[in-house]
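The primary structure of each chain is shown beneath.
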Amino acid sequence: MSNATHAQRPIEGVEKGKRVVIKIGSALLMNEAGTGLRQDWLDAIACDLAAWRREGREILLVSSGAIAVGRAPLGLGAGTLRLEECQAAAAAGQIRLAHAWQEALAPHAIAIAQVLLTLEDTESRRRYLNARTTLNTLLSLGAIPVINENDTVATEEIRFGDNDRLAARVAQMVSADTLILLSDIDGLYSADPRRDAMARHIEEVRDLTPEIEAMAGEAQLAYGTGGMVTKLQAARIAMAAGCRMVIADGRGAHPLEALKADARCTSFLPSSEPKQARKQWIAGGLSPCGHLVVDAGAVKALKDGKSLLPAGVTEVAGTFARGDAVIVKGPDGQEIARGLSAYSSTDAARILGHKSRDIAAVLGYRGRDEMIHRDDLVLR
Ligand code: GLU
């Protein structure tokens, strides 16, 4: 934590962000009566998003609001909903929410693509290779993914429940460098600013110390819709993934432009870059489930920074699923790398030694060209 004054605040995180996840809470999207979306606000932020894109940023939106938007059409009044009512409201609301984003971004000729995820998709299942690849493909096609939790199918055990953590998982999954949580408050305070005149705004956090955690704990009861606790949990995930996180006030019409113009916010600064953090996770954070032996040509290719192709693999050992971590060994049995296998051990054994163009004929489906993509590989 630093005591830098507002003027000295290092804004470059938001300015320089290249791949940015923006989380938008229900409170920002809904009108005061809670009966519909704030179309003016959506239109205004769509202008900001278009401007940010023109400046060369890739954008992913994590938009809440499905449950809130879905209440009225289903005749669900105010008051607490049961879990199954929330899920029904989400089903009715999600289609309207996605449509609203589509309408808001259409004048800027930006395509949106709806992606609904559960906790499992982002934490463990197949090490989230599928969701990551789809999101990367959408970005490369110039679309803005509009992401929400798949509330309709997520049961209590596999729910995030809050989109702060979902957004952080998405940021981690796509190796984003910046995560912006647009909220109804301009950051973290040392105490509840609406009750305590001495509450100090925190500009910058480099370490989630118990002191910082305590600030969220106290403040949560008093202000904020999602609360600061889930925001700090999101910060922990983002920082570990090498992604800076910003909590900013999103209530005004052009919150992203305001941020660029130095609006007050709290920045959580990680100590590493996303790429480095992901590589550390692959190298040390996962237990390998098997190994692949590769030929001398593949060893050279990997050392030159290339991906591992099935053609270079001579042996598959162990039992692993797609997305599991495996050890890569040279012809002499020495470990040369670790990575996430794009194929299960069964399929890997069938395609080893084959050219990538033959994969479909051997397996009966068209998988990835690479056995391990270079982004999913770390040399020893
Ligand atoms: N997924 C929920 C929705 O779209 C929102 C969760 C949250 O607000 O954090 O309604």
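The rules behind these values
Just so you know, the residues in each chain are numbered from 1, in the order the chain's sequence is written. Since the coordinates come from a predicted model, pLDDT governs what is reported: local features require at least 70, and pairs of side-chain atoms require 80 or more to be given and counted, while whole-chain, interface and lining totals use all residues. No hydrogens and no water enter the side-chain calculation; it runs on all heavy atoms of the structure. A 1.4 Å probe rolled over the protein chains alone gives each residue an accessible area, and that area as a share of the maximum for its type sets the label: buried under 20%, exposed over 50%, partly exposed in between. In this description a helix means any DSSP run of H or I spanning at least four residues, a strand means any run of E spanning at least two, and both kinds are numbered starting from the N terminus. By convention in this text, a residue qualifies as near a molecule or strand provided that one of its non-hydrogen atoms is within 4 Å of it. For this analysis, a polar contact is any N or O atom pair within 3.5 Å, provided that within protein one partner can donate a hydrogen and the other can accept it, and provided that sequence-adjacent residues contribute only side-chain to side-chain pairs. Accessibility throughout is a Shrake-Rupley quantity obtained with a 1.4 Å probe, and a residue counts as covered only by protein chains that appear here. Only protein atoms enter the calculation, which uses a 1 Å grid: trapped sets of points that fit a 1.4 Å probe without letting it out are cavities, open sets showing protein on both sides within 12 Å along at least five of seven lines are pockets, and any residue with an atom within 4 Å of a point is a lining residue. Pocket or cavity membership: a molecule qualifies when more than half of its atoms sit within 2 Å of the grid points of that site. Polar here means any residue outside two lists: the nonpolar Ala, Val, Leu, Ile, Met, Phe, Trp, Tyr, Cys and Pro, and the charged Asp, Glu, Lys and Arg; Gly therefore counts as polar. Here, two cysteine sulfur atoms that lie within 2.5 Å of each other are counted as a disulfide. DSSP-based pairing: two strands are paired if at least 2 bridges between them are found.

J.: Just checking my understanding: could you explain helix α8 (residues 163–173) for this structure?
T.: Since the α-helix packs 3.6 residues into each turn, any two residues three or four apart lie on the same face. In terms of burial, α8 is largely enclosed, as 10 of its 11 residues are buried. Looking only at α8, the buried set comprises N163, D164, L166, A167, A168, R169, V170, A171, Q172 and M173. Just downstream of α8 lies S175, where phi reads positive at about 50°.

J.: Help me out: how do you make sense of the site of the ligand in this one?
T.: The environment of the ligand is made up of S26, S64, G65, A66, I67, N148, D151, G161, D162 and N163. The backbone of A66 places a nitrogen or oxygen atom 3.0 Å from an oxygen atom of the ligand. Against a free-state accessible area of 300 Å², the protein chains account for coverage of 85% of the ligand. When atom positions are compared with the pocket grids, the ligand is found to occupy the largest pocket. Residues belonging to the shell around the ligand are distributed by class as follows: two nonpolar, six polar and two charged.

J.: Explanation requested: the state of the cysteines in the structure shown.
T.: Two cysteines, two sulfur atoms, one covalent bond between them: this is a disulfide. Enumeration according to the criterion identifies zero disulfides in this entry. C265 forms no disulfide, and the closest cysteine sulfur to it belongs to C243, at a distance of 14 Å.

J.: Before we go on, may I ask you to explain the pairing of strand β1 (residues 19–24) in this structure?
T.: It is a general feature of regular strands that their side chains alternate between the two faces of the sheet. By the criterion of burial, β1 is predominantly enclosed, with six of the six residues buried. The alternating pattern of β1 places R19, V21 and K23 and V20, I22 and I24 on opposite faces, both of which are buried. Note that β1 and strand β2 (residues 58–63) share six bridges and pair parallel. Paired with I24 across the bridge in β2 is S63. Alignment of β1 against strand β5 (residues 178–183), held across five bridges, turns out to be parallel. Residue I22 lies in a different strand from β5, and its bridge partner there is I180.

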